[in-house]
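Close look at the chain arrangement
Chain by chain, the residues run as shown.
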Amino acid sequence: MCEGIKNFSYYGIPVRDPVRIDRNEALRRLGVEVDARKKIVGVAGGSLGSGPLSEMLRRTAELCPGCEFVFLSSKQKHDDGNAHFIPSQWDMNPFYSACDVLVCRAGGSTLAEVLKWKIPAVVIPWPGAMDNHQEKNAAEFVKLAKNSCMFSEGDSPEKLAGAINKLCCQ
């Protein structure tokens, strides 16, 4: 989206080809011990992580006992019920391979990867993004992606849990 620019060439965002890994192997590489038969919700808060998003999703995880949540964060690896926190990853293949559903911000590169992987996603635009570009990215993504939706950071954990549970059941 090049609003305000009259002449431009579209080249897209370079995205590596997905390398799908067996779920058990992906979880082993991530260092996460969960029941691989459960639905796994990946949480990616962007390159800097996101305290508000992580806190809302910790509360949401409690409302989705049939799912395991794997959070990419800058913190040390630790578990809290069905919420599992792992350090940020350079190789995203294991993380994406493990996910049934993804909850993420709406950065262009992240959304390009999610489209390539065809993972259903709940996209929560970062409200502090310059010129509201993440909301615009999210709106375009939802048009292109199947079984995905957009939420606001201000939405309730109950509403978010409903959307996640719906996506997990499709």
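Look up a bit, the structure's there.
Summary of the structure given here. Residue numbering note: each chain is counted from 1, following its sequence as written. Reporting of local features is limited, given that this is a predicted model, to residues whose pLDDT is at least 70; pairs of side-chain atoms are given and counted only at 80 or more, and all residues count toward the totals for whole chains, interfaces and linings. Excluding hydrogens and water, the side-chain figures rest on all heavy atoms present in the structure.

**Some points on the packing of aromatic side chains**
This is how it is decided: Centres within 6.5 Å are what make two rings of Phe, Tyr or Trp a pair, Trp counting through its six-membered ring; a difference in plane orientation under 30 degrees is then read as stacked, over 60 as edge-to-face, and the rest as tilted. Helix numbers and strand numbers start at the N terminus; a helix is a DSSP run of H or I with at least 4 residues, a strand a run of E with at least 2.
Per the stated rule, a full pass over the model turns up four aromatic pairs. Here the aromatic rings of Tyr 96 and Trp 117 are separated by 5.4 Å at their centres, their planes lie at 45 degrees, and the arrangement is tilted. Remark: Trp 117 occurs in helix α4 (residues 108-117) and Tyr 96 occurs in helix α3 (residues 93-98); sequence separation between them is 21 residues. Among the aromatic residues, ring-to-ring pairing joins Phe 69, Phe 71 and Phe 85 into one connected group.

**A closer look at the packing of helix α2 (residues 51-62) against helix α6 (residues 157-168)**
Here is the rule: Each axis is a line fitted through C-alpha atoms, and for a helix only the stretch in contact is used; angles between axes span 0 to 180 degrees, taken between their N-to-C directions. By definition, any crossing whose near helix is turned counterclockwise from its far helix by less than a right angle is left-handed, and any crossing with a clockwise turn is right-handed. Contacts are assigned to residue pairs that have any heavy atoms within 4.5 Å of one another. Gly falls in the polar group here, along with every residue not listed as nonpolar (Ala, Val, Leu, Ile, Met, Phe, Trp, Tyr, Cys, Pro) or charged (Asp, Glu, Lys, Arg).
Where α2 contacts α6, the axes come no closer than 9 Å and their chain directions differ by 65 degrees. Helix-helix and strand crossings are classified by hand; for α2 and α6 the assignment is right-handed. Between α2 and α6, the contacting residues are Met 56, Leu 57, Arg 59 and Thr 60 on the first element and Pro 157, Leu 160, Ala 161 and Ile 164 on the second. Here the residues of the contact of α2 with α6 are counted per class, giving six nonpolar, one polar and one charged.

**Digging into the pairing of strand β5 (residues 101-104)**
For the record, the criterion: Accessibility here uses a 1.4 Å probe with only protein chains present; expressed as a share of the type maximum, an area under 20% marks a residue as buried, one over 50% as exposed, and anything in between as partly exposed. By this definition, two strands are paired if DSSP reports at least two bridges between them.
Residues Val 101 and Val 103 of β5 are buried on one face, and the alternating residues Leu 102 and Cys 104, pointing to the opposite face, are buried as well. Pairing between strand β1 (residues 39-44) and β5: four bridges, direction parallel. Its bridge partner lying in β5, Gly 42 is registered against Leu 102. Pairing of β5 with strand β6 (residues 121-123), which is carried by three bridges, proceeds in the parallel orientation. Bridge pairing in β6 places Leu 102 opposite Ala 121.

**Notes on unusual backbone geometry**
What you tend to see is this: most non-glycine residues have negative phi, and most peptide bonds are trans. Even without a glycine there, the phi angle at Lys 118 is positive, about 60 degrees. Positive phi is not limited to glycine here, since Asn 147 has a value of about 55 degrees. Here Asn 147 shows up in the loop between α5 (133-144) and β7 (149-150). Overall, the relative accessible area of 42% leaves Asn 147 in the partly exposed class.

**Description of the nonpolar core**
Worth spelling out the cut-off: Here, nonpolar core means buried Ala, Val, Leu, Ile, Met, Phe, Trp, Tyr and Cys residues that are tied together by side-chain atoms lying within 4.5 Å of each other.
Of all hydrophobic cores here, the largest spans 29 residues; its most connected members are Phe 95, Tyr 96, Leu 102 and Val 123. Those elements giving two or more residues to this core turn out to be α1 (23-30), β1, β2 (67-73), α3, β5, α4, β6 and α5. Residues within four places of Tyr 96 in sequence aside, it is in contact with Arg 20, Leu 102, Thr 110, Glu 113, Val 114, Trp 117 and Ile 119. Within the second largest apolar cluster, 24 residues are counted, among which are Phe 71, Val 103, Ile 164 and Cys 168.

**Describing the side chain of Asn 82**
The cut-off we apply is this: Polar contacts here mean pairs of N or O atoms no more than 3.5 Å apart (in protein, one a potential hydrogen donor and the other a potential acceptor; neighbouring residues in sequence count only if both atoms are side-chain atoms).
Tracing the sequence through the fold places Asn 82 in the loop between β3 (78-80) and β4 (83-87). The exposure class assigned to Asn 82 is buried, which follows from its relative accessible area of 14%. A polar contact of 2.9 Å, which involves the side chain of Asn 82, links it to the backbone oxygen of Ala 61. In contact with Asn 82, not counting residues within four places along its chain, are Ala 61, Glu 62, Cys 64, Pro 65, Cys 67, Glu 68 and Phe 69.

**Notes on the state of the cysteines**
For clarity, the cut-off: Cysteine sulfur pairs qualify as disulfides if the two atoms are within 2.5 Å.
For the structure shown, the criterion picks out zero disulfides. Cys 99 takes part in no disulfide bond, and the closest cysteine sulfur to it belongs to Cys 104, at a distance of 9.9 Å. The structure places no disulfide on Cys 168, whose sulfur is separated from the nearest cysteine sulfur, that of Cys 67, by 3.7 Å.

**Remarks on α6**
Worth spelling out the cut-off: Working rule for helices: expected span equals 1.5 Å times residues minus one. Along the arc lie the directions from the helix axis toward the C-beta atoms.
Relative to the 16 Å expected for 12 residues at 1.5 Å per residue, α6 spans 16 Å between its end C-alpha atoms, a close match to the ideal helical length. Along α6, the residues classified as buried are Pro 157, Leu 160, Ala 161, Ala 163, Ile 164, Leu 167 and Cys 168. Considered in projection along α6, the buried side chains sweep an arc of 165 degrees and stay on one side of the axis. In α6, those exposed residues whose orientation departs by more than 90 degrees from the buried face are Glu 158 and Lys 166. Those residues of α6 that are buried lie in contact with β1, α2, β2, β5, β6 and β7.

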